[in-house]
Amino acid sequence: MAFVITTVYYALCVYAITFLAINFVKTKDWQKATLQLIVMLPFLLRVLRLK
Amino acid sequence: MTRLKIGKIVLLCLFALCLVVAGVEMRTLRNYKETLVKGPGVTGSGRLSDYLPKLKGTWADTNVYYFDSGKPGATALLLGGTHPNEPSGIIAAFLMVENAKVETGRLIVIPHYNRSGSTATQPLGAYPQFISIKTDWGKQTFRMGDRLINPLDQWPDPEVYIHYPSKQMLSNVDMRNVNRTWPGRADGALGEQIGFAAMELIRKENVDWVVDFHGAELLYPVTNCIVVPSQSTVIAQLAAINLTATDFEVHVEPSPVNFRGVSHREIGDHSPALPFLLESPDPFLDQPTGPKTEALELEGKDEFLLAASKRGLLFTDYDESGKSMEQRAGRHITIVKQLAEEWNNMFPDKPIVISSPGYTEFEAEGVGAYFTDPSSVEENRLSLE
């Protein structure tokens, strides 16, 4: 059960990264682009199993 | 190319730089191995997974060291690193493995009970990843870990952590706190598996008493003390009285009956072993201090705590000399030796005799004097933690 829950949470991280990346590409506001990257950092660190 | 695109590329480069720099630091800590020299008293070593095979290959599996005198007597278990951000317990356990000798009975030592937690720092903790102790041959470096299991090994935290078997509701992050997961269960979360494996060790090795090394804030009432359930009280009180008269002040705190999951409660409730939890005062853990540096961890000197002490706000003595690692690790070992003496007085037909340098020796020569140069010993005496 714990394995399933953990896997789902990793999938949610990938989902968040995907949409943050799409928003980063689409946005024309550099402040929003910066925000997308800052928010993305902890998700990436977790998916890459760094932190 | 528009200015926006150029800006985004610059942002991406900065982002990649942050990711690489942080990632390299985090991986370095995660994979760093401490070197431990097995002293002349060590007669064997194993792994925690010997008591719960499913831990094998996980970051929770950790080394176990055995000191068997060959003479019948009591068996004691020492746990270092339950909370890896309280390193005096880890260092005390290392010093025991390198220097202790057991003349009667058996001693078992686990230096990194929460090995997983020792491989990550506390998020936003802003403290060093490593601490190094100077020795005659160089330096002995230790990982400076987190209080909890590394979230890479157990994640996510639940909304509420329900302790097994009491069903008491605890803080969600305490599911990764291995001093809230005793007595554990074999099919539970990783923290519960660690607790279960340790309980299996206690049961299978017929452990008579267990000491869990910790550090505590000076602004926290449960500091400078031995925390015990009722069945351990007499031995702890006698040890505290004798040590306060001869070496340093220490007092006894009762283990609350309704506070579940902690070693000083569950070990005694789920096995015949007597538990003792030692809290050594660690200024680094207090919130109102200066920067959380390696020097603060090793020397324990802080001007803000000094000001608090002068206003009577601390729960232990504190002056310009600080609370050094020598004092804190030395206290742990000297208390263990005193507990052994009191145990022997109470159970003379089942003695345990432990010799090791402790508080007095470390104060005089520094803990660095008691670490062995790994390059001076044969490979079979080396162990990686």
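No experiment lies behind these values; they were computed from the predicted model shown.

**Side note on the interface of chain A and chain B**
Then comes step 1: Taken together, the contacts link 23 residues of chain A with 17 residues of chain B.
Then comes step 2: Broken down residue by residue, the surface that chain A buries against chain B is led by Arg46, Leu50 and Lys51 of chain A, which jointly contribute 31%.
Then comes step 3: Applying the counting rule to chain A against chain B returns zero salt bridges.
Then comes step 4: Between the two partners, chain A and chain B, sit six residue pairs in polar contact (both at pLDDT 80 or more).
Then comes step 5: Of all the secondary structure elements, the ones that give two or more residues to the side of chain A that touches chain B are α1 (2-26) and α2 (30-47) of chain A.

**Describing the sheet that holds strand β14 (residues 274-281) of chain B**
Residue and element names in this part refer to chain B.
Then comes step 1: Strand order across the open sheet formed by eight strands is β2-β3-β6-β4-β11-β14-β12-β13, with mixed pairing between neighbours. Across the chains shown, the open sheet's two edge strands, defined by having one partner strand only, are β2 (44-47) and β13 (251-254). For this sheet the average axis-to-axis angle between neighbouring strands, irrespective of direction, equals 25 degrees.
Then comes step 2: Note that strand β11 (residues 209-216) and β14 share eight bridges and pair parallel. The partner of Trp209 across the bridge, within β14, is Leu274.
Then comes step 3: Across the face of the sheet, helix α5 (residues 263-270) comes into contact with β11, β12 (225-228) and β14 while running at roughly 170 degrees to β14.

**With respect to helix α3 (residues 190-204) of chain B**
Note: α-helices contain 3.6 residues per turn, so residues at a spacing of three or four share the same orientation.
All names here are of chain B.
Then comes step 1: With 15 residues, α3 should cover 21 Å at 1.5 Å per step; its first-to-last C-alpha distance of 21 Å lies within 8% of that length.
Then comes step 2: Those residues of α3 lying buried are Leu190, Gly191, Glu192, Gln193, Ile194, Gly195, Ala197, Ala198, Met199, Glu200, Leu201 and Ile202.
Then comes step 3: Buried residues belonging to α3 abut β3 (63-68), β4 (75-79), β6 (106-110), β9 (161-162), β11 and α5.
Then comes step 4: Immediately downstream of α3, the backbone of Asn206 shows phi near 50 degrees, a positive value.

**Description of the packing of helix α4 (residues 233-246) of chain B against helix α8 (residues 325-346) of chain B**
All names here are of chain B.
Then comes step 1: Two numbers describe how α4 lies on α8: the axes approach to 9 Å, and their chain directions differ by 125 degrees. Judged on the interaxial angle alone, α8 and α4 are oblique. Judged by the sense of rotation from one axis to the other, the crossing of α4 with α8 is right-handed. Contact residues: α4 offers Val234, Ile235, Ala236, Leu238, Ala239, Asn242 and Leu243, while α8 offers Thr334, Ile335, Gln338, Leu339, Glu342, Trp343 and Met346.
Then comes step 2: Tallied by class, residues from the contact of α4 with α8 come to ten nonpolar, three polar and one charged.

Rules used in this analysis
Residues numbered from 1 in each chain as written. Chains lettered and ligands numbered in written order. Predicted model: local features only at pLDDT ≥ 70, side-chain atom pairs only at ≥ 80, totals over all residues. Heavy atoms only, no water. Contact = heavy atoms within 4.5 Å. Buried area = accessible area lost by both parts, 1.4 Å probe. Salt bridge = Lys/Arg side-chain N within 4 Å of Asp/Glu carboxyl O. Polar contact = N/O pair within 3.5 Å; in protein donor to acceptor, adjacent residues only side chain to side chain. Helix = DSSP H or I, 4+ residues; strand = E, 2+ residues; numbered from the N terminus. Pairing = 2+ DSSP bridges. Axes fitted to C-alpha atoms, helices over the stretch in contact; angles between N-to-C directions. Expected span 1.5 Å × (residues − 1). Buried < 20%, exposed > 50% of the residue type's maximum accessible area, 1.4 Å probe, protein only. Parallel < 35°, antiparallel > 145°, perpendicular 65-115°, else oblique. Left-handed = near helix turned anticlockwise from the far one by under 90°. Nonpolar A, V, L, I, M, F, W, Y, C, P; charged D, E, K, R; others polar.

Purely spatial values, then, with no claim about function.
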